[in-house]
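# Structure assessment
Take a look at the letters that make up each chain.
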Amino acid sequence: MEGDHADRVVNSMVVVDALSTLSDEHRAVLEQVYLRGSTVSEAAEVLGIPPGTVKSRSYYALRALREAGGRERLAS
């Protein structure tokens, strides 16, 4: 059980570190869509950008996070 907690802590640290590598715009989109649970339309309204831009930024932000996570795993 304790190993599970430690794994979650490490994973959280990796995610926080990876998020810090994103631009403010990409991080804001992920915050709206994934952390606040906004729809694309809601996120677009809050952020003052078109829905297509929300989708694009979300796509590229998640791709950057995956790449950062891969680098972390390779460095371990």
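Residues numbered from 1 in each chain as written. Predicted model: local features only at pLDDT ≥ 70, side-chain atom pairs only at ≥ 80, totals over all residues. Heavy atoms only, no water.

## Structural notes on the side chain of Ser 58
Here is the rule we go by: Only DSSP runs of H or I with at least four residues qualify as helices, and only runs of E with at least two residues qualify as strands; both kinds are numbered from the N terminus onward. Residues count as neighbours in contact if any of their non-hydrogen atoms are within 4.5 Å of one another.
Here Ser 58 shows up in helix α4 (residues 51–75). Setting aside its immediate chain neighbours within four residues, Ser 58 contacts Val 29, Leu 30 and Tyr 34.

## Re the packing of helix α2 (residues 24–35) against helix α3 (residues 40–47)
Our working definition: Simply put, an axis is a line fit to the C-alpha atoms, just over the touching stretch for a helix, and the angle between two N-to-C directions goes from 0 to 180 degrees. By definition in this entry, angles of less than 35 degrees are roughly parallel, angles greater than 145 are roughly antiparallel, angles of 65 to 115 are roughly perpendicular, and the rest are oblique. Note on convention: near helix rotated counterclockwise from far helix by under a right angle means a left-handed crossing. Clockwise means right-handed. Charged residues are taken to be Asp, Glu, Lys and Arg, nonpolar residues to be Ala, Val, Leu, Ile, Met, Phe, Trp, Tyr, Cys and Pro, and polar residues to be all remaining types, Gly included.
Interaxial distance between α2 and α3 falls to 9 Å at its minimum, and their mutual angle equals 135°. What the angle tells us is that α2 and α3 run oblique. For the crossing formed where α2 meets α3, the hand is right-handed. Contacts between α2 and α3 involve Ala 28, Val 29, Gln 32 and Val 33 from the former and Ala 43, Val 46 and Leu 47 from the latter. Its residues placed into classes, the contact of α2 with α3 shows six nonpolar, one polar and no charged.

## Describing the confidence of the model for the chain
Put simply, the test is: By definition, pLDDT measures how confident the predictor is in each residue, and it falls between 0 and 100.
Averaged over the chain, the pLDDT score is 84; the fraction of residues at 70 or greater is 86%. The secondary structure element of the chain with the lowest average pLDDT is helix α1 (residues 2–19), at 73, and the one with the highest is α3, at 98.

## Focus: the packing of aromatic side chains
What counts is decided by this rule: We call Phe, Tyr and Trp rings a pair once their centres come within 6.5 Å, taking the six-membered ring for Trp, and we label the pair stacked below 30 degrees between planes, edge-to-face above 60, and tilted otherwise. Relative accessibility thresholds used throughout: buried, under 20% of the residue-type maximum; exposed, over 50%; partly exposed, between the two (1.4 Å probe, protein chains only).
Counted according to the given criterion, the structure contains one aromatic pair. On the basis of an interplanar angle of 85° and a centroid distance of 4.9 Å, the ring pair of Tyr 59 and Tyr 60 is categorised as edge-to-face. What makes Tyr 59 partly exposed here is its relative accessible area of 48%. Overall, the relative accessible area of 40% leaves Tyr 60 in the partly exposed class.

## Examining the environment of Leu 65
Structurally, Leu 65 can be placed in helix α4. Along the primary structure Leu 65 and Leu 19 are separated by 46 residues, whereas in three dimensions their C-alpha atoms are 7.0 Å apart. Those residues in contact with Leu 65, other than ones at most four positions away along the chain, are Ala 18, Leu 19, Leu 22 and Leu 30.

## Topic: the pattern of salt bridges
Note the following rule: Here, a salt bridge means any side-chain nitrogen of Lys or Arg that lies within 4 Å of a carboxyl oxygen of Asp or Glu.
Inspection of every chain in the model, using the stated rule, returns three salt bridges. A salt bridge links Glu 31 to Arg 36; its shortest N-O distance comes to 3.0 Å. You can call Arg 36 exposed: its relative accessible area is 57%. Two residues, Arg 63 and Glu 67, come together in a salt bridge whose shortest N-O distance is 3.7 Å.

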